[in-house]
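Commentary on secondary and tertiary structure
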Amino acid sequence: RRLGFCSNSFQLLQFNRHKGSKAIVSSGKANGKVSGNEEAEYTGGPISKRDILMEKMRPDGTTSRFYAIASSEQSREGHWDTVIDGRLLRTPRGLPVSLPFKGLSDVVAGEWQRQGSNIIPGMMPMTTLAVMAIDQCHKASPLRHILEKSLVDHFGFDALCFRADGPKELRQIQDEKWGPMVDWFSAQIGKPIKVSDEMFDLEQDPATVAAAKEWVQNLDQWTLATTSYSGSVAKSLILGAAVSHGVVSAEDAAYSARIEEAFQAQHWGFIEGGHDID
């Protein structure tokens, strides 16, 4: 079997076992409806409903491990493929998980290899990111514009543009950590970016928003995936862009996204079930 990985719902998808097939089997459907015991024609050969029902997905999204070795192999095109027991790992769209850098491919293969007796998709963040880049962020993907729009929407109310009106120490930390990233992104788009401590008194100029939108649209698929992945968590296009361009490290970005929570915990105590979860 070959396995496909769905980045949106963390759903594991079985692929048709017929040689050369790219048909996806998912949730009782495969390129169309299947009813009764009929067989449906796929690209590469027929597959019955019984095969569809053989999926071993549990309610919690996990499934039993069915492979022995996950590895990274260089393809003829110079990319690096993730290989499961000698077979290509593929995305829900049927595209190979072929990555431009060996280091990234090694990490993805390592996530699969480190799985125990059960496959836990939530423990494979780089696989999710890679599949997202391949299936959703390519220029030809119909989903790309959704990611672009989401990032631009975040920019309209970017978290890094809202500063605390107190305490003074918190505002100072925000200015020190967020200011350089805002200035960097302003230089990237060639437009000034407003910041404020009034939530309802901040609206970026239309020209600034348009410049940010154009900047996002020009990102390659890998940079868009990283920017979107980080920016959606932090509710900040600026922070996501800074991460994807190496302006800040992942550790600094994580702290920058939680400055207020960290400040509260430091001064008034750590709240279990609150500060540890967010």
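First, a word on scope: everything that follows refers to the structure included in this document. Predicted model, so just to flag it, every value in this text is computed and none were measured.

**Observations regarding the overall build of the protein**
- Across its full length, the protein holds 10 helices and 11 strands.
- The buried share of the protein, taken over its 278 residues, is 45%.
- Counting contacts in the protein only where the partners sit at least 6 residues apart, residues at least 24 apart contribute 56% of the total.
- As displayed, the protein has an accessible area near 15,000 Å², and 53% of this comes from carbon and sulfur atoms.

**Some words on the environment of serine 64**
- Along the chain, the position of serine 64 falls in strand E6 (residues 63–64).
- Between the C-alpha atoms of serine 64 and asparagine 118, which are 54 residues apart in sequence, the distance is 4.4 Å.
- When residues no more than four places from it in sequence are discounted, the contact partners of serine 64 are Arg58, Ser117, Asn118 and Ile119.
- Separated by 2.8 Å, the side chains of serine 64 and arginine 58 make a polar contact.

**A short note on the pattern of salt bridges**
- With the rule as written, the count across this model stands at 7 salt bridges.
- When the shortest N-O distance is used, the salt bridge between glutamate 148 and arginine 144 registers 2.6 Å. Taken as a pair, glutamate 148 and arginine 144 lie in helix H4 (residues 144–156) at a separation of 4 residues, close to a single helical turn.
- Owing to a relative accessible area of 12%, glutamate 148 belongs among the buried residues under this scheme.
- For aspartate 205, the salt bridge is made with lysine 194, and the minimal N-O distance between the two is 3.1 Å. Here the residue aspartate 205 occupies a position in the loop between helix H5 (168–189) and helix H6 (206–217), and lysine 194 occupies one in the loop between H5 and H6, the gap between them amounting to 11 residues.
- Judged by its relative accessible area of 38%, lysine 194 is partly exposed.
- Three or more residues joined by partner-sharing salt bridges are found here, namely Arg163, Arg171, Asp175 and Asp197.

**Digging into the packing of aromatic side chains**
- In this structure the tally under the stated criterion is 6 aromatic pairs.
- Between tryptophan 184 and phenylalanine 185, the aromatic rings sit 6.1 Å apart at their centres with planes inclined by 45°, giving tilted as the arrangement. Like phenylalanine 185, tryptophan 184 is buried.
- Centre to centre, the rings of phenylalanine 185 and tryptophan 215 are 5.0 Å apart; their planes meet at 80°, and the pair counts as edge-to-face. Of the two residues, phenylalanine 185 is situated in helix H5 and tryptophan 215 in helix H6; the sequence distance between them amounts to 30 residues. Considered together, phenylalanine 185 and tryptophan 215 belong to a single accessibility category, that of buried residues.
- Of the aromatic side chains, those joined through ring pairs into one cluster are Phe155, Trp184, Phe185 and Trp215.

**So, H6**
- Here H6 is 12 residues long and its end C-alpha atoms lie 16 Å apart, about the 16 Å a rise of 1.5 Å per residue gives.
- Inspection of H6 places Thr208, Ala211, Ala212, Trp215 and Val216 among the buried residues, and these make up the whole buried set. Angularly, the buried residues of H6 cover 140° about the axis, an arc narrow enough to put them on a single face.
- Those residues of H6 that are buried lie in contact with H4, H5, helix H7 (221–234) and helix H8 (237–244).

Parameters at a glance
- Residues numbered from 1 in each chain as written.
- Predicted model: local features only at pLDDT ≥ 70, side-chain atom pairs only at ≥ 80, totals over all residues.
- Heavy atoms only, no water.
- Helix = DSSP H or I, 4+ residues; strand = E, 2+ residues; numbered from the N terminus.
- Buried < 20%, exposed > 50% of the residue type's maximum accessible area, 1.4 Å probe, protein only.
- Contact = heavy atoms within 4.5 Å.
- Areas by Shrake-Rupley, 256 points an atom, 1.4 Å probe, with all protein chains shown as cover.
- Polar contact = N/O pair within 3.5 Å; in protein donor to acceptor, adjacent residues only side chain to side chain.
- Salt bridge = Lys/Arg side-chain N within 4 Å of Asp/Glu carboxyl O.
- Phe/Tyr/Trp six-rings, centres within 6.5 Å; stacked < 30°, edge-to-face > 60°.
- Expected span 1.5 Å × (residues − 1).
- Arc of directions from axis to C-beta.

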